[in-house]
Amino acid sequence: MSNIAVLTSGGDAPGMNATVMSVARNAAYYGMPLIGVKRGYNGLLGRTNNFDDNFVRLDLDTVLNIADMPGTYLRTARCDEFKDPQVREKSAQILRDLDISGLVVVGGDGSFQGAMRLCELGIPCIGIPGTIDNDLSYTEVTLGYDTALNVCVDTVRAIRATSRSHDRPHVVEVMGRHCGDLALYTAEATGAEVVVVPEKRWSVDEIAAQCNRQLDLGNPRMTVVVAEGCWESMAPFDVYKFLKPHGVQVFPGEPMTTERLTQILKYKCNGAEFRHTVVGYTQRGLAPTARDSIFAFEAGALAINLLHKGISNQAIGMKNGKIFHMPMADALAVKRHFNRKLHHLLNAL
Ligand code: ADP
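Calculation criteria
The residue numbers shown here count from 1 along each chain, following its written sequence. Per-residue local features are limited, in this predicted model, to residues with pLDDT of at least 70; the limit for side-chain atom pairs, both in listing and counting, is 80 or more; totals at the level of whole chains, interfaces and linings are taken over all residues. Side-chain numbers here rest on the full set of heavy atoms in the structure, without hydrogens or water. Here a residue counts as near a molecule or strand whenever at least one of its heavy atoms sits within 4 Å of it. In protein, a polar contact means a hydrogen-donor-capable atom and an acceptor-capable atom, both N or O and within 3.5 Å, with residues adjacent in sequence counting only if both atoms are side-chain atoms; elsewhere, any N or O pair within 3.5 Å suffices. For two strands to be treated as a pair, DSSP must find no fewer than two bridges joining them. What counts as a helix is a DSSP run of H or I of at least four residues, what counts as a strand is a run of E of at least two, and both are numbered from the N terminus. Helix axes use the C-alpha atoms of the stretch in contact, all axes being lines fitted to C-alpha atoms, and the angles between their N-to-C directions lie in the range 0 to 180 degrees. What makes two residues a contact is simply this: any of their non-hydrogen atoms within 4.5 Å. Relative accessible area decides the class of each residue, using a 1.4 Å probe on protein chains only: under 20% of the type maximum gives buried, over 50% gives exposed, and in between gives partly exposed. Look down the strands so they point away from you; if the path from the first strand over the helix to the second goes clockwise, the crossover is right-handed. Roughly parallel means an angle under 35 degrees; roughly antiparallel means over 145; roughly perpendicular covers 65 to 115; every other angle is labelled oblique. Helix crossings are classified by the rotation of the near helix relative to the far one: an anticlockwise turn of less than a right angle makes the crossing left-handed, while a clockwise turn makes it right-handed. Gly is placed with the polar residues, together with every amino acid not listed as nonpolar (Ala, Val, Leu, Ile, Met, Phe, Trp, Tyr, Cys and Pro) or charged (Asp, Glu, Lys and Arg). Each nonpolar core is a collection of buried residues, namely Ala, Val, Leu, Ile, Met, Phe, Trp, Tyr and Cys, held together in the definition by side-chain atoms within 4.5 Å.

Engineer: Go over the site of the ligand with me, naming the residues and quoting the values.
Structural biologist: Close to the ligand lie 16 residues; Arg 78, Cys 79, Asp 109, Gly 110 and Ser 111 are nearest. Here an oxygen atom of the ligand and a side-chain polar atom of Arg 78 are 2.4 Å apart. Backbone polar atom of Gly 108 to an oxygen atom of the ligand: 3.0 Å apart, as the coordinates give it.

This is how it looks when you write it as structure tokens:
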């Protein structure tokens, strides 16, 4: 039986290893040996002829040991060279030479683009949406999102405990790139009073007004959750011009950050002692939740089932708790939906 290959690409996400385990177990069921590709598409570039530099044979023993591990055993890396058609042609030949009859790609929309291009070259590919950002709209959730959301919720709960103790407001930044879901649902789950997302054009004055409203309501211990991508869509604000007269060490042209916002809010909110926390990479580094592990298993099983049936160029997703697949191009064309109603409600309370 010919080989199956699997790679993880883009930002790492909890559940990637669990997916590799599922792919391995299901491939073994059909008698198809599994080869792991190292460092995303980099392993397909043929930079060296040494198999072990670029690939690893994944036996069941190995994958059972990594299944619960956060991160990705196969490693992941961005690989700009793969956008070059000549490079991809060489990669396709490498896969043919290894007698690989199907490739499972775990990653985000960029990784899916790479997989679609490989399909055009006759390499059957299946995409599994591995990213904590939840920015692929064809699926209700992406793999790793639930784990990251739980990290954010735990962190904000911990921060709110100390905020309550000191009657002090706090700004918390969570990941998600251009997608505000992690911020929105963290705020909903924790009772955070203000949530700032890239999907709406916020201004610093609007954020300050929200905080002042909370102070007027007698709530000095509010939490402001901001999505890391919100700065790009935010109305321009001259950080230097505002902070310099207050004696803050600041450089001309400095961009807005969570730390700077916190300093600015102090002056716009009657001296309130705002603190800030950037949740950062801990969002990507925990063992997958049961929900993500289950998604990983079902996605891996479906991927192998499809490849075994000769079906490819499909993206796997989750809808109403059920695993499904659809053509990758159609999946990527689905317009993103953001829950504006909830965003409005949370900020209105
Ligand atoms: P994500 O998969 O999380 O969206 P990226 O956008 O960085 O992350 O994409 C991951 C990798 O997918 C890129 O480093 C590149 O190797 C590959 N890729 C992205 N876009 C394309 C494209 N248009 N054509 C071919 N490969 C692509």
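That shown, we press on.
Engineer: How would you summarise the sheet that holds strand S6 (residues 170-174) if you had to cite specific residues and measurements?
Structural biologist: Strand order across the open sheet formed by four strands is S7-S8-S6-S9, with parallel pairing between neighbours. Of all strands in the sheet, those with a lone pairing partner are strand S7 (194-196) and strand S9 (275-278), marking the two edges. Direction aside, the axes of adjacent strands within the sheet are offset by 15° on average. Taken together, the three bridges between S7 and strand S8 (residues 223-227) define a ladder with parallel strand orientation. The partner of Val 194 across the bridge, within S8, is Val 224.

Engineer: Could you give me a rundown of the environment of Asp 109, with the residues and numbers involved?
Structural biologist: Tracing the chain through its elements places Asp 109 in helix H5 (residues 109-120). Each C-alpha atom, one on Asp 109 and one on Ser 165, is 42 Å from the other, the two residues being 56 residues apart in sequence. Leaving out residues up to four positions away in the same chain, Asp 109 has contacts with Leu 136, Arg 177 and Leu 332.

Engineer: Explain the pairing of strand S4 (residues 100-107) residue by residue, including any values.
Structural biologist: Counting buried positions over the eight residues of S4 gives seven, a clear majority of the element. Pairing analysis gives six bridges linking strand S1 (residues 3-8) to S4, with the strands arranged parallel. Residue pairing across strands places Asn 3 opposite Ile 100, the latter belonging to S4. A crossover connection joins S4 to the parallel strand S5 (residues 125-129) through H5; in handedness this β-α-β unit is right-handed.

Engineer: Which residues make up the packing of helix H7 (residues 181-190) against helix H14 (residues 340-348), and what are the values?
Structural biologist: Packing of H7 against H14 leaves a shortest axis separation of 10 Å and a crossing angle of 45°. Considering their axes alone, H7 and H14 lie oblique with respect to each other. For the element pair H7 and H14, the recorded crossing hand is left-handed. In this structure, H7 uses Leu 184, Tyr 185, Ala 187 and Glu 188 to contact H14, whose residues at the interface are Leu 342, His 343 and Leu 346. When its residues are assigned to classes, the contact of H7 with H14 shows five nonpolar, one polar and one charged.

Engineer: Break down the nonpolar core for me, with residues and values.
Structural biologist: If you look at soluble globular proteins, the nonpolar side chains tend to sit buried side by side. Among the nonpolar cores identified, the biggest contains 58 residues, and Val 6, Leu 58, Val 104, Val 174 and Leu 182 are the most heavily contacted of them. The contacts of Val 6, once residues within four sequence positions are left out, are Val 20, Val 23, Leu 34, Ile 35, Gly 36, Val 37, Leu 58, Leu 74, Leu 103, Val 104 and Val 106. Of all hydrophobic cores here, the second largest spans 31 residues; its members include Ile 35, Leu 44, Ile 100 and Ala 115.

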